[in-house]
Amino acid sequence: MNITIDHLNMTYPTGKQALRDINLQMETPSLIGLLGPNGAGKSTLMKLLVAALLPTDGSISVDGTPLTACEKQLKSSLGYLPQHFGLYDELSIWQFLDYMAALKGIQNSRDAIERAITATDLTEKRKAKIRTLSGGQRQRVGIAQALLGTPEFLIFDEPTVGLDPEERIRFRNFFSETAQDKLVLLSTHIIEDVQSVCNQLIVIDQGRILFTGTPEALIRQAEGHVGMFLEQRGDSENPSLHITSRVNTAQGVLCRGVSETLPGGAQAMEPTLEDAYLFLITREGGAQ
Ligand code: ADP
């Protein structure tokens, strides 16, 4: 599957311009992390991709066919977990997935439901009412419904919200395995979610794409802009300096920070993905 997004713009009826001139190319197999602060436009982009919203301008095409002409076909090969996903509290997990399978038009759904339940590790809870589940288990039910019918294109909007650290690691591994033969797009504002598993990153802020490429390429952009230094008086006057950690030592406050220009005497450090993301977001934000 090959998705092409061409000069896409989205302005809500309120006048809010949520996306500006988005151009992207995505193809199977990939695990793509869509990163950006709250309000960046991630959910809007995902809603446009699943045809839940129509763009103000520009186009999305799937394998060369405009989305408007292949919406039905795309929906049959799509699994989508929206950010705010309503579950039916009085149904059991099995009943809920059975209902979702019927909505998706999946015939003989028993096997599909079994596979989704196994993949999300909900076998023991299959008969439990949804209202009795923990936040993490509810999130897993949301992921399970997206997996019904073995979709080729999976879109998860903030899938790790509400999961504890152990569950998040399990889900990262799960996304990575799933993406071996699929196109998986996963939005998050948590860097660890994409760090070790995504082969491509898209960073957006204020509706604009700031970066597309590999995590390694994003990290390279921050080389020479991350350092350790002892806090000095003038630091607060450097608008591009963003301190990421502060430790009290006998010599003074030892800081780690990212900046267009590091303070004098700073020792350059290898950037992490988190440093690189912060550098990109603050540099671009500051440049406006
Ligand atoms: P993200 O998912 O990155 O947090 P969203 O796509 O939800 O960002 O929102 C992008 C911008 O569009 C935000 O400023 C948000 O307030 C605005 N927005 C989102 N949905 C609507 C809507 N239905 N009507 C008007 N503005 C909206």
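Residues numbered from 1 in each chain as written. Predicted model: local features only at pLDDT ≥ 70, side-chain atom pairs only at ≥ 80, totals over all residues. Heavy atoms only, no water.

Colleague: Explain the sheet that holds strand E5 (residues 65-66) to me, please; I cannot follow it from the model alone.
Modeller: Note: strands within a sheet are paired through backbone hydrogen bonds, in either parallel or antiparallel orientation. Here four strands make up an open sheet; going across it, the order is E2-E1-E4-E5 and the pairing antiparallel. Single-partner strands in this sheet number two, and they are strand E2 (17-27) and E5. In terms of strand pairing, strand E4 (residues 57-62) meets E5 through two bridges, oriented antiparallel. Of the residues in E5, the one forming a bridge with Ser-61 is Pro-66. (Pairing = 2+ DSSP bridges. Helix = DSSP H or I, 4+ residues; strand = E, 2+ residues; numbered from the N terminus.)

Colleague: What is the right way to read the side chain of Arg-140 from this model?
Modeller: In this structure, Arg-140 sits in helix H5 (residues 135-147). Of the residues examined, Arg-140 reaches a relative accessible area of 9% and is grouped as buried. Not counting residues within four places of it along the chain, the set of residues in contact with Arg-140 comprises Thr-120, Asp-121, Leu-122, Glu-167, Arg-170 and Phe-171. (Buried < 20%, exposed > 50% of the residue type's maximum accessible area, 1.4 Å probe, protein only. Contact = heavy atoms within 4.5 Å.)

Colleague: Explanation requested: the domain arrangement of the protein chain in the structure shown.
Modeller: Accessible area lost on assembly of the parts is the figure often given for the size of an interface. By the assigned domains, the protein chain splits into domain 1 (2-214) and domain 2 (220-287). Distance between the C-alpha centres of domain 1 and domain 2: 34 Å. Contacts between domain 1 and domain 2 engage twelve residues on the former and seven residues on the latter. Between domain 1 and domain 2 lies a buried interface of about 910 Å² when both sides are counted; carbon and sulfur atoms form 72% of it. Our count for the domain 1 to domain 2 interface comes out at zero residue pairs in polar contact (both at pLDDT 80 or more). Counting residues per element, the ones that place at least two in the side of domain 1 that touches domain 2 are helix H7 (191-195), strand E9 (200-205) and strand E10 (208-213). Per-class residue counts for the side of domain 1 that touches domain 2 are eight nonpolar, two polar and two charged. (Domains from an automatic or database assignment. Buried area = accessible area lost by both parts, 1.4 Å probe. Polar contact = N/O pair within 3.5 Å; in protein donor to acceptor, adjacent residues only side chain to side chain. Nonpolar A, V, L, I, M, F, W, Y, C, P; charged D, E, K, R; others polar.)

Colleague: Before we go on, may I ask you to explain the site of the ligand in this structure?
Modeller: Every residue near the ligand is listed here: Tyr-12, Thr-14, Lys-16, Ala-18, Pro-37, Asn-38, Gly-39, Ala-40, Gly-41, Lys-42, Ser-43 and Thr-44. Here a nitrogen atom of the ligand sits 3.4 Å away from a polar atom, N or O, in the side chain of Tyr-12. Residue contributions to the shell around the ligand peak at three residues, all from helix H1 (residues 42-49). Split into classes, the residues belonging to the shell around the ligand amount to four nonpolar, six polar and two charged. (Near = heavy atom within 4 Å.)

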